[in-house]
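Descriptive structure summary
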Amino acid sequence: MTDVFGNLANWLHQVFIVQFDGWVLLGFVAQLFFTMRFVVQWLASERAKRSVVPIAFWFFSLGGGALLFVYAIQRRDPVFIAGQGMGLFIYIRNLWLIANERKAAMSKVD
């Protein structure tokens, strides 16, 4: 049993300490941005007492997705590159649609 814990401790040390560098730090920062989009969405929904997707969700998605995309390219992970790359188009498109909607609403007010 101690051998299992020893192997686990060694693996954790290799993964989280030995290979830690600037790229791993970027990956963690990117993941924090990506996670914040869910926190922002959850808080906005709780405040409104209904499901809401605030604009900050899309900005955190874009920021986190872009950083994770760079991280995936550096790591040369084709699955991660494809997943984050496709997501970037969706985030940009949603922000574009929101901007057009706000522009149209502003022109109606004038």
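What counts and how
- Residues numbered from 1 in each chain as written.
- Predicted model: local features only at pLDDT ≥ 70, side-chain atom pairs only at ≥ 80, totals over all residues.
- Heavy atoms only, no water.
- Helix = DSSP H or I, 4+ residues; strand = E, 2+ residues; numbered from the N terminus.
- Rg over C-alpha atoms; globule rule 2.2 N^0.38 Å.
- Contact = heavy atoms within 4.5 Å.
- Core = buried A, V, L, I, M, F, W, Y, C linked by side-chain atoms within 4.5 Å.
- Buried < 20%, exposed > 50% of the residue type's maximum accessible area, 1.4 Å probe, protein only.
- Phe/Tyr/Trp six-rings, centres within 6.5 Å; stacked < 30°, edge-to-face > 60°.
- Lys NZ or Arg CZ within 6 Å of the ring centre and 35° of its normal.
- Axes fitted to C-alpha atoms, helices over the stretch in contact; angles between N-to-C directions.
- Parallel < 35°, antiparallel > 145°, perpendicular 65-115°, else oblique.
- Left-handed = near helix turned anticlockwise from the far one by under 90°.
- Nonpolar A, V, L, I, M, F, W, Y, C, P; charged D, E, K, R; others polar.
- pLDDT = per-residue confidence, 0-100.

This part covers the overall build of the chain. Broken down by element type, the chain carries four helices and zero strands. Moving toward the C terminus, one meets the helices and strands of the chain in the order α-α-α-α. Here the C-alpha atoms of the chain give a radius of gyration of 19 Å, more than 25% beyond the 13 Å that 2.2 N^0.38 yields for 110 residues. For the chain, the C-alpha atoms occupy an extent of roughly 70 × 35 × 20 Å along the three principal directions. Once local pairs closer than 6 in sequence are excluded, the contacts in the chain between residues at least 24 apart make up 59%.

Our focus in this paragraph is the nonpolar core. Counting residues in each nonpolar core, the largest one holds eight residues, listed as A30, F34, F57, W58, L68, L88, Y91 and L95. Excluding residues that lie within four positions of it along the chain, Y91 makes contacts with F34, R37, W58, S61, L62 and G65.

A separate point is the packing of aromatic side chains. Tallying each qualifying case throughout the model produces six aromatic pairs. Here the aromatic rings of Y71 and F80 are separated by 6.5 Å at their centres, their planes lie at 85°, and the arrangement is edge-to-face. What makes Y71 buried here is its relative accessible area of 17%. Cation over ring: R37 sits above F34, and NZ or CZ is 3.9 Å from the ring centre.

Quick look at the packing of helix α3 (residues 55-75) against helix α4 (residues 78-109) now. Put simply, α3 and α4 touch, their axes get as near as 9 Å, and they point 155° apart. When the axis of α3 is compared with that of α4, the two are roughly antiparallel. The two elements α3 and α4 cross, and the hand of that crossing is left-handed. Where α3 abuts α4, its residues I55, W58, F59, S61, L62, G65, A66, L68, F69, Y71, A72 and I73 lie against F80, I81, Q84, G85, L88, Y91, I92, N94, L95, I98 and R102. For the contact of α3 with α4, the residue count by class is 17 nonpolar, five polar and one charged.

On to the environment of L67, then. You can see L67 is positioned in helix α3. On a C-alpha basis, the gap between L67 and V4 in space is 35 Å, while along the polypeptide they are 63 residues apart. When near neighbours in sequence (up to four residues on either side) are disregarded, L67 contacts L26, V29, A30 and F33.

Confidence in the prediction for the chain averages 91 pLDDT; 99% of positions are at 70 or higher. Of all secondary-structure elements in the chain, the lowest mean pLDDT belongs to helix α1 (residues 2-18), at 90, while α3 reaches the highest, 94.

Further remarks concern unusual backbone geometry. Positive phi, close to 60°, is recorded for K49, a residue that is not glycine. Relative to the assigned elements, K49 resides in the loop between α2 (22-48) and α3. According to the relative accessible area criterion, K49 is exposed, its value standing at 72%.

Below, the discussion takes up the packing of α2 against α3. Contact geometry of α2 with α3 gives a least axis separation of 8 Å together with a crossing angle of 155°. Classified by the interaxial angle, the pair formed by α2 and α3 is roughly antiparallel. With respect to the hand of their crossing, α2 and α3 are arranged in left-handed fashion. Split by residue class, the contact of α2 with α3 holds 17 nonpolar, eight polar and two charged.

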